[in-house]
Amino acid sequence: MDRATIVRTDKAHVWHPYTPMDAWAETDPIVVARAKGAWLEDVDGARYLDGNSSWWVAGLGHGHPRLLRALREQAETLAHCSLAGIAHEPASRLAEELVAVAPAGLTRVFYTDDGSTAIDAAVKICAQGWQQLGRPGKTRFVALDGAYHGDTVGAVSLGGVEVFRRPFAGVTFECVHAPFPEPDAYDRAFSAIARLVREEGDTLAAIFVEPMVQGAAGMRMYDASFLRELRALCDAHDVWLVVDEVFTGYGRTGPMWACQAAGIRPDLMCVGKVFSAYVPMAAVLATDRVFSAFRGARDRAFLHGHTFCGNPIGAALAREVLAIYRDERVLEGVARKAPVIARAFERIGTIPGVQRVRHLGMIGAADLQDTRDGYLGSVGWRVVEEARRRGAYLRPLGSTVYVCPPLNVDDADLETLLGVLEGSVREVLGTRTSR
Ligand SMILES: *Cc1c(COP(=O)(O)O)cnc(C)c1O
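Quick caveat, the model's predicted, so the values are computed rather than measured.

Undergrad: Can you tell me about the site of the ligand, naming the residues and giving the values?
TA: The local shell around the ligand consists of Trp-56, Asp-114, Gly-115, Ser-116, Tyr-148, His-149, Gly-150, Glu-210, Asp-244, Val-246, Phe-247 and Lys-273. Interatomic distance of 2.9 Å between a backbone N/O atom of Gly-115 and an oxygen atom of the ligand. In the model, a nitrogen atom of the ligand is placed 2.7 Å from a nitrogen or oxygen of the Asp-244 side chain. When its residues are assigned to classes, the shell around the ligand shows four nonpolar, four polar and four charged.

Undergrad: Give me the pattern of salt bridges: which residues, what numbers.
TA: Throughout the structure, instances matching the rule amount to 25 salt bridges. Close ionic contact of Glu-386 with Arg-389 constitutes a salt bridge, the shortest N to O distance being 3.0 Å. Of the two residues, Glu-386 and Arg-389 both sit in helix 14 (residues 379–389), three residues apart, roughly one turn of that helix. The exposure class of Glu-386 is buried, given its relative accessible area of 11%. Connected through salt bridges with shared partners, the residues Arg-135, Asp-202, Asp-238 and Arg-289 form a single ionic network.

Undergrad: Any details on the packing of helix 4 (residues 65–77) against helix 12 (residues 312–327)? Residues and values, ideally.
TA: Where helix 4 meets helix 12, the axes come as close as 9 Å, and the angle between the chain directions of the two elements is 150°. Comparing their axes, helix 12 and helix 4 come out roughly antiparallel. Between helix 4 and helix 12 the crossing geometry is right-handed. Residues Arg-66, Leu-67, Ala-70, Leu-71, Gln-74 and Ala-75 of helix 4 form the contact with helix 12, whose own contacting residues are Pro-312, Ile-313, Ala-316, Leu-317, Glu-320, Val-321, Ala-323, Ile-324 and Asp-327.

Undergrad: Break down the sheet that holds strand 16 (residues 400–403) for me, with residues and values.
TA: Reading across from one edge, 13-14-16 is the order of the three strands in this open sheet, with antiparallel pairing throughout. With partners counted over all chains shown, the strands left at the sheet margins are strand 13 (354–360) and strand 16, one partner each. Strand after strand, the sheet turns through a mean of 15° between neighbouring axes, direction not considered. Two strands pair when backbone bridges link them, and strand 13 and strand 14 (residues 363–368) are joined in this way by six bridges, in the antiparallel orientation. The residue bridging Val-357 from the neighbouring strand is Ala-366, located in strand 14. The strands touched by helix 13 (residues 330–348) are strand 13, strand 14 and strand 16; relative to strand 13, the strand with the most contacts, the crossing angle is about 175°.

Undergrad: For helix 6 (residues 115–132), give the residues involved together with the corresponding values.
TA: Across its 18 residues, helix 6 extends 25 Å between first and last C-alpha, which sits within 8% of the 26 Å expected from 1.5 Å per residue. Counting buried residues along helix 6, 15 of its 18 residues qualify, which places the element largely inside the surrounding structure. Where helix 6 begins, the side chain of Asp-114 points an oxygen toward the backbone nitrogen of Ser-116, at a separation of 3.3 Å. In the stretch just after helix 6, Gly-134 is the one whose phi turns positive, near 80°.

Undergrad: Run through the confidence of the model for the protein, naming residues and quoting values.
TA: When pLDDT is averaged along the protein, the result is 96, and 97% of the positions lie at 70 or above. The least confident element of the protein is helix 8 (residues 162–165), whose mean pLDDT is 87; the most confident is strand 11 (residues 268–271), at 99.

Undergrad: I'd like a description of the sheet that holds strand 5 (residues 140–144), backed by residues and values.
TA: Read from one edge to the other, the open sheet built from seven strands follows the order 4-12-11-10-7-5-6, with strand pairing classed as mixed. Sheet topology places strand 4 (106–112) and strand 6 (176–178) at the edges, where each strand pairs with a single neighbour. In this sheet, neighbouring strand axes are inclined to one another by 20° on average, regardless of whether the strands run parallel or antiparallel. Of the strand pairs in this sheet, strand 5 and strand 6 are connected by three bridges, and their pairing is parallel. By the bridge assignment for strand 6, Val-142 is matched with Val-176.

Undergrad: Which residues make up the environment of Tyr-393, and what values do they have?
TA: Take Tyr-393: it is sitting in strand 15 (residues 392–393). A relative accessible area of 23% places Tyr-393 in the partly exposed class. A sequence separation of twelve residues divides Tyr-393 from Pro-405, and the C-alpha atoms of the two residues are 10 Å apart. When sequence neighbours within four positions are dropped, the list of residues in contact with Tyr-393 reads Ile-30, Leu-40, Tyr-48, Leu-49, Asp-50, Gly-51 and Asn-52.

Conventions and cut-offs
Residue positions within a chain follow its written sequence, with the count starting from 1. Per-residue local features are limited, in this predicted model, to residues with pLDDT of at least 70; the limit for side-chain atom pairs, both in listing and counting, is 80 or more; totals at the level of whole chains, interfaces and linings are taken over all residues. Hydrogens and water are ignored here; the side-chain numbers use all heavy atoms of the structure. Whether a residue is near a molecule or strand depends on its heavy atoms: if one lies within 4 Å, it is near. In the analysis that follows, any N or O atom pair within 3.5 Å is treated as a polar contact, provided that within protein one partner can donate a hydrogen and the other can accept it, and provided that, for residues neighboring in sequence, both atoms belong to side chains. Gly counts as polar in this scheme, as do all residues outside two lists: the nonpolar Ala, Val, Leu, Ile, Met, Phe, Trp, Tyr, Cys and Pro, and the charged Asp, Glu, Lys and Arg. What counts as a salt bridge is simple: a side-chain nitrogen of Lys or Arg found within 4 Å of a carboxyl oxygen of Asp or Glu. Helix and strand definitions here come from DSSP, where helices need a minimum of 4 consecutive H or I residues and strands a minimum of 2 consecutive E residues; each element is numbered from the N-terminal end. Per-residue accessibility, obtained with a 1.4 Å probe over protein chains only, is compared with the maximum for each type, and a residue is labelled buried under 20%, exposed over 50%, and partly exposed between these values. Axis lines are fitted to C-alpha atoms, over the contacting stretch for helices. Their N-to-C directions set the angle, which ranges from 0 to 180 degrees. Between 65 and 115 degrees an angle is taken as roughly perpendicular, under 35 as roughly parallel, over 145 as roughly antiparallel, and anywhere else as oblique. By the definition used in this description, the sense in which the near helix is turned from the far one sets the handedness, with an anticlockwise turn below a right angle giving left-handed and a clockwise turn giving right-handed. Contacts were defined at the residue level, with two residues in contact if any of their heavy atoms lie within 4.5 Å. In this scheme, strands are said to pair when DSSP sees at least two bridges between them. One fewer than the residue count of a helix, multiplied by 1.5 Å, yields its expected span. Residue-level confidence of the predictor is what pLDDT reports, using numbers from 0 through 100.

The structure is reproduced here in structure tokens:
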């Protein structure tokens with residue numbers, strides 16, 4: 001199909017995620033044909049640096065030869081079978097390998113289809129688990145303001161971004177939202193959650209957090225000490241701490257897991273996205289204590305399972321991802337490249353109209369002052385359009401623009417991406433200077 005036909009057919013039938021569809025009808029989208037490494041290539045051969053790892057998934061870039069080989073070999077051997085009453089090598093070896101790299105204490109792996117279903121499974125594990133541990137009063141959940149844990153009904157219930165949750169108020173469960181620990185309001189935020197846990201801990205099943213950085217809320221970062229204090233609080237009042245590492249895992253923030261920055265042991269950990277590279281799969285890891293709630297008589301089983309949980313192709317890919325992390329020293333590369341991102345964002349922070357910048361590991365973000373809103377669109381979108389003209393694919397989060405490139409992006413591509421972003425911000429904010 002040529003470009004025009006693809007776009008016409010798309011506009012006739014495809015309903016896009018998070019997309020105002022009348023506006024979409026007017027857009028001229030990138031039409032991707034292939035991708036390699038950190039680059040997307042459209043049907044006409046134009047290339048775009050993948051500035052957000054294709055919605056935070058392509059941590060090892062596109063078309064990694066080892067991942068493609070693992071995918072092909074697994075597909076030819078055993079492409080699909082269920083995990084109900086069946087064991088297979090990819091799922092069992094992956095579980096063992098995950099436990100080996102996970103924070104200490106996580107010993108059990110429950111597979112799901114994607115990040116949202118990992119969160120939903122974790123919610124249900126907490127709910128059923130406390131009942132079966134003889135604490136039926138522990139039924140309530142806590143999450144942070146600004147939290148994003150996915151889009152299924154359970155995950156949306158935990159969500160702390162009001163606009164994502166509001167349309168579904170009639171079908172979500174109640175969740176207590178605690179203040180986000182902004183650097184200038186840290187003590188207040190911690191006191192609020194501490195009071196909640198001290199006074200109502202008997203009714204609380206779990207606290208869900210995105211460790212170190214809230215992605216969808218606009219790459220909002222916070223101090224590791226908050227996680228340490230939260231861990232102590234949860235221990236003192238017997239509330240489970242669930243870390244959602246779907247975005248932050250696999251070195252996005254520097255270490256393999258973001259919660260390692262705080263040195264904490266979560267009770268449950270959700271992983272997804274980079275986890276299985278090119279096919280959807282995710283997992284919930286749990287401690288012996290959590291798992292123990294489901295042992296014993298038959299009626300204590302966790303009555304939950306997704307069609308593609310532990311699917312052999314996903315599991316084979318997830319194993320190969322871990323092998324590549326070891327063999328290609330991906331985290332060492334992150335440690336080397338993170339300061340490059342940090343320096344670029346410090347520079348972007350000096351551009352008039354840039355209100356605030358922040359960076360952590362392979363994430364850099366800048367909040368832009370929204371000057372000319374209205375028909376021109378928000379400032380974030382205008383930067384993204386300018387970046388596209390300059391050869392990079394980005395998406396804004398409101399008036400925040402950010403990069404989170406593949407973790408194995410090479411140095412030259414990273415410099416190019418950061419240069420495109422800086423140039424685009426300068427252009428849109430109207431303060432282009434000669435460099
Ligand atoms: C993307 C994301 C999810 C949801 O994962 P899906 O695979 O899109 O369902 C959950 N939590 C966080 C932190 C995420 O970034």
